[in-house]
Amino acid sequence: MTARAAPVAADRHAAVPSGAAWWAWAADALSSDLASGPQGLSAHDAAARLHRCGPNVLRPQRDTAALQLLWRQVSSPLVLILVVGAVISLFIGDWIDSATILAIVLGSTALGFFQEYRASVAVARLRGRLAMTTRVRRGGDWHTLPARRLVPGDVIELSAGRLVPADGRVLEARDFLVTEASLTGESFPVEKRPGSVPADTPLRARTNAVFLGSSVRSGQATVLVVRTGRDTAMGDVAARLTTPPQEAEFARGVRQFGELLLRVMLLVVVCVLVANQLLGRPVLGSLLFAVALAVGLSPEMLPAIVSVSLARGARMLAASGVLVRRLDAIEDLGGMDVLCTDKTGTLTAGTMSLDAACGPDGVASAGVLALAHLNAAFETGIDNPLDAALVQAGRAAGLSTAGWRKVDEIPYDFVRRRLTIVAARDGDAGPHWIVSKGAFASVLDVCVAVAVGDAEQALDDAWRERLETHVQQLGAQGVRVLALATRQVPAQAEYRVDDERALVFRGFLQFTDPPKPTAVRTVKALADLGVRVKIVTGDNRHVAAYVGAAVGLDPAALLTGEAIAGMRDEALWHLAERTDLFVEVDPAQKERIVRALQRTGHAVGYLGDGINDAPALHAADVGISVDQAVDVARESADVVLLRPDLDVLRRGVEDGRRTFANTLKYISITTSANFGNMVSMALATPLLPFLPLTATQILLNNFLSDLPSVAISTDRVDAVQLRSAQRWNVGDVRRFMLVFGLVSSAFDLLAFALLVFIFHAGETAFHSAWFVVSLMTELAVVLVLRTRGPAWRSRPGRLLLWTTLVVMAAALVLPYTGPLAQVFGLAPIGLPQLAALLAIVAGYVAATEAAKRAFERRLVRMAM
């Protein structure tokens, strides 16, 4: 007998067992040490332990706190330098400029803080809707609670498809198989059962314990939670990992481009500062001008705008019935061009019903129904609609399990594709009944005879052909068929897969799940969006072909799992793209299909809700599951549908593309405007006898131009941008920046020349005029470049339009506001001068529209 660590009886409120090797303890001693029992913890004890131990998470989810967001806004070196400069100005007596600069900095900071805080609250609310739940016994009653609220001493129930939410000891188990690949690297499931193992047993051999991060493959168990969160085995692994999570393509592209722009901007600002000093201008004024220029030209609102756009997109998707687990998945969803999905519940109604239970001759049989009902009612593994339909049909026929007792169960797996129940009559010590049901071919493989009335006939080639023909005929009508077989055997204590042999074929179980009336329209709508739908299913080829044809797919473009198994990867790469139906496939083949499509350049979405879908969900560019899916599938997904409906997903694709288009719109327009202003400032500073704008004017210009930018996330998007997948392309954004930035600089230089050589403007007049024209062009270009088509044919979003018009009006009025204008160093602009400036703005708008058409034509030629 193996020795175990002695329990420490001192603290009845211990949060975790005192002995390290808790898997070696006797279960009752371990439960006693945790002050727990079969009825679980009381609500009061659980609350106290949650307060002491903290939530059951590996890393606390940091919902971005208000102070953290505020610090992010003010901790920019450029902003801090500006504040220091303003304070210095205050000490030397220039309190008006100092107060104005500080007020504008405060306004910009508040704007960014408010937008990011609102976005973080929205995202936290959405995450809460996706929290994993667990069945927990508290005070003797079973409750469904968030897994993060589990504490040591809780008693939980686990079943097939569930993720193990904490480390714990198995108290009771029935055919309980667990996959621990994330911890041990072993892909095959391990059977777990009550008992004790030696203290020095390695993790992979601890058959009496389950661990956070593993998943239940089949069966059921009652488990005593021993360790949670960072105290778990997975927590130890996570603590040793220093590799940050992989950065998504979109986030990486935004960051890299922002850093590039920032480096160029800093180089130009340094050159401007040096030029001012060579020209003998005041040091403090030059410093404030250079820093203000840096603030005005840097994309400091980019993180806030991206967060706002993606958070708004997440809210839009949630309103459409689509929840995103990570914001970057919105770009992935919009970029998808192939969708792999099972047919059940997405293309079909998802309401499985038993159409008939027939004997081998195809005639309805009450005996077959009774045996099938017994199998389904006693099954404790994976919840599935087929067993639910059998139980419902049995009840309707007046059947029950009364008089029978369950002896054992051989759980379903995706290799055998059978589920077997062993049952016996109550009080009967006689033979046991092995009742097996599953995929027709899998059941037929273990049969040696066919039941014909009360007699049995050998399963010869003629019978095989007759049965196979019948299944094909039913499949061609869209009927899903399971086979049922039995055998009576002498009573024995335990049954294994080897006992599924020499069975007698009893008959067919025929199920119907008709295609949704809207499926054809939805598949076509996805095709119009550039998303090709492919069915990937474990069902037989005949039913899949029927459903595929019914929803508009090509039933002849079909590959079976058997054919895929015999293919080299290169052959699958070639065939996957032109195949519509992948049938009779196993979980590993589903992942292989996804990778083959990715290998040929496709962005693949995979929609699945079962245990066998987890590998493919991980491999896909965007994993999609449904709210009712098993934990393994739901937690593997990037996107969760609140109902299994492809039309919901179609709206999600459109919303994802809309969000991505508006985010990219802001990035492109802002970076081009920033680049243009950067070039203009660099050229004007050494040529003018004074600074082109004061620090205060640059900051005010920047603040006012940022106001409409916040509204870009609500803008309308051209229909053409929704019709195809969009991806982040740094090269396109760079070209956009150069083309439209230089167009902006050309008109800035024209305005400089007009003011200096025609109107002979002095410093204040120059500042006033260029402040107005610079702000007007920045605002006008948003309305022009927000659409790829002619600006006058595309109506902007209401909030963007009115915000832009209001700020334009404020820009025109500000120089005429007397004392307020004086605070910012502005003065009224003469009517001839104003008319000339407005003409420059109009010319700039026309030139930008023409440049846009040429730019779009060039992009089209490059894409061809």
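Structure: above.
The paragraphs below set out a description of the structure included in this document. Note that the structure is a prediction, hence the values are computed from the model and not measured.

**Things to note about the overall build of the chain**
From N to C terminus, the chain includes 30 helices and 23 strands. The contacts in the chain between residues at least 6 apart in sequence include a share of 72% that link residues at least 24 apart. Accessible surface, the chain as shown: approximately 37000 Å² in total, 59% of it carbon and sulfur.

**Quick notes on the sheet that holds strand β21 (residues 604–607)**
An order of β8-β23-β22-β21-β9-β18-β20-β19 is seen for the eight strands of this open sheet, with the pairing classed as mixed. A strand with exactly one partner marks an edge of an open sheet, and here the two such strands are β8 (322–324) and β19 (558–560). Averaged over all adjacent pairs, the angle separating strand axes in this sheet is 20 degrees, with direction ignored. Here helix α17 (residues 541–550) sits on the sheet in contact with β18 (532–536), β19 and β20 (581–583), set at roughly 160 degrees to β20.

**Quick look at the pairing of strand β7 (residues 215–227)**
Summarising burial for β7: eleven of the 13 residues are buried, a large majority. As judged from the five bridges shared by strand β3 (residues 155–159) and β7, these two strands associate in the antiparallel manner. Its bridge partner lying in β7, I156 is registered against V223. Summarising the sheet, strand β4 (residues 167–179) and β7 pair through ten bridges and their orientation is antiparallel.

**Remarks on the pattern of salt bridges**
Under the criterion given, the structure shown has 26 salt bridges. Measuring nitrogen to oxygen at the nearest pair gives 2.7 Å for the salt bridge that ties R786 to D715. Remark: D715 occurs in the loop between α24 (695–710) and α25 (719–722) and R786 occurs in the loop between α27 (763–785) and α28 (798–813); sequence separation between them is 71 residues. Here E849 and K852 are joined by a salt bridge, their closest N and O atoms 3.3 Å apart. Residue E849 and its partner K852 are both found in helix α30 (residues 831–863); the two are separated by three residues, about one turn of the helix. On the accessibility criterion, E849 (7% relative accessible area) is buried. Since its relative accessible area comes to 3%, K852 is described here as buried. Via salt bridges that share partners, D647, R650, R651 and E654 belong to a single interconnected network.

**Digging into a negative patch on the surface**
Taken together, the side chains of D460, D461, E465 and E468 make up a negatively charged region of the molecular surface. With respect to the helices and strands, the residue E465 is situated in helix α15 (residues 461–476).

**Quick look at the packing of helix α12 (residues 366–378) against helix α13 (residues 385–396)**
Helix packing geometry: the angle between the two helix axes and the distance between the axes. Between α12 and α13, whose axes approach to 8 Å, the crossing angle comes to 125 degrees. Comparing their axes, α13 and α12 come out oblique. Here α12 runs over α13; the crossing is left-handed. Of the residues in α13, those touching α12 at L369, A372, H373, A376 and A377 are D387, L390, V391, A393, G394 and R395. Of the residues that constitute the contact of α12 with α13, the class distribution is seven nonpolar, two polar and two charged.

**So, α27**
With 23 residues, α27 ought to run about 33 Å at 1.5 Å a step, and its terminal C-alpha atoms sit 32 Å apart, in line with that. The buried count for α27 comes to 19 of 23 residues, which makes it a mostly enclosed element.

**Section: the packing of aromatic side chains**
Throughout the structure, instances matching the rule amount to twelve aromatic pairs. Between W22 and W23, the ring centres sit 5.6 Å apart and the planes meet at 75 degrees, which makes this aromatic pair edge-to-face. Both residues of the pair, W22 and W23, count as buried. Cluster of aromatic residues (ring-pair linked, three or more members): F690, F752, F766 and W770. When the ring centre of W23 is taken as reference, the NZ or CZ atom of R206 above it lies at 3.5 Å. Lying over the aromatic face of W573, R599 brings its terminal NZ or CZ to 4.2 Å of the ring centre.

**Quick notes on unusual backbone geometry**
Trans peptide bonds make up the majority, and among non-glycine residues the majority have a negative phi. Here A35, not a glycine, exhibits a phi torsion of approximately 55 degrees, which is positive. In this structure, A35 sits in the loop between α1 (27–33) and α2 (43–53). Positive phi, close to 55 degrees, is recorded for A502, a residue that is not glycine. With respect to the element layout, A502 can be found in the loop between β16 (479–489) and β17 (503–512). In this structure A502 comes out as partly exposed when scored by relative accessible area, which is 34%.

Parameters at a glance
Residues numbered from 1 in each chain as written. Predicted model: local features only at pLDDT ≥ 70, side-chain atom pairs only at ≥ 80, totals over all residues. Heavy atoms only, no water. Helix = DSSP H or I, 4+ residues; strand = E, 2+ residues; numbered from the N terminus. Contact = heavy atoms within 4.5 Å. Areas by Shrake-Rupley, 256 points an atom, 1.4 Å probe, with all protein chains shown as cover. Pairing = 2+ DSSP bridges. Axes fitted to C-alpha atoms, helices over the stretch in contact; angles between N-to-C directions. Buried < 20%, exposed > 50% of the residue type's maximum accessible area, 1.4 Å probe, protein only. Salt bridge = Lys/Arg side-chain N within 4 Å of Asp/Glu carboxyl O. Patch = residues over 30% accessible without salt bridge, like charges linked within 9 Å, V, L, I, M, F, W, Y side chains within 5 Å. Lys, Arg positive; Asp, Glu negative; His and termini not counted. Charge placed at Lys NZ, Arg CZ, Asp CG, Glu CD. Parallel < 35°, antiparallel > 145°, perpendicular 65-115°, else oblique. Left-handed = near helix turned anticlockwise from the far one by under 90°. Nonpolar A, V, L, I, M, F, W, Y, C, P; charged D, E, K, R; others polar. Expected span 1.5 Å × (residues − 1). Phe/Tyr/Trp six-rings, centres within 6.5 Å; stacked < 30°, edge-to-face > 60°. Lys NZ or Arg CZ within 6 Å of the ring centre and 35° of its normal.

Remember, this is a structural readout, not a statement about activity or role.
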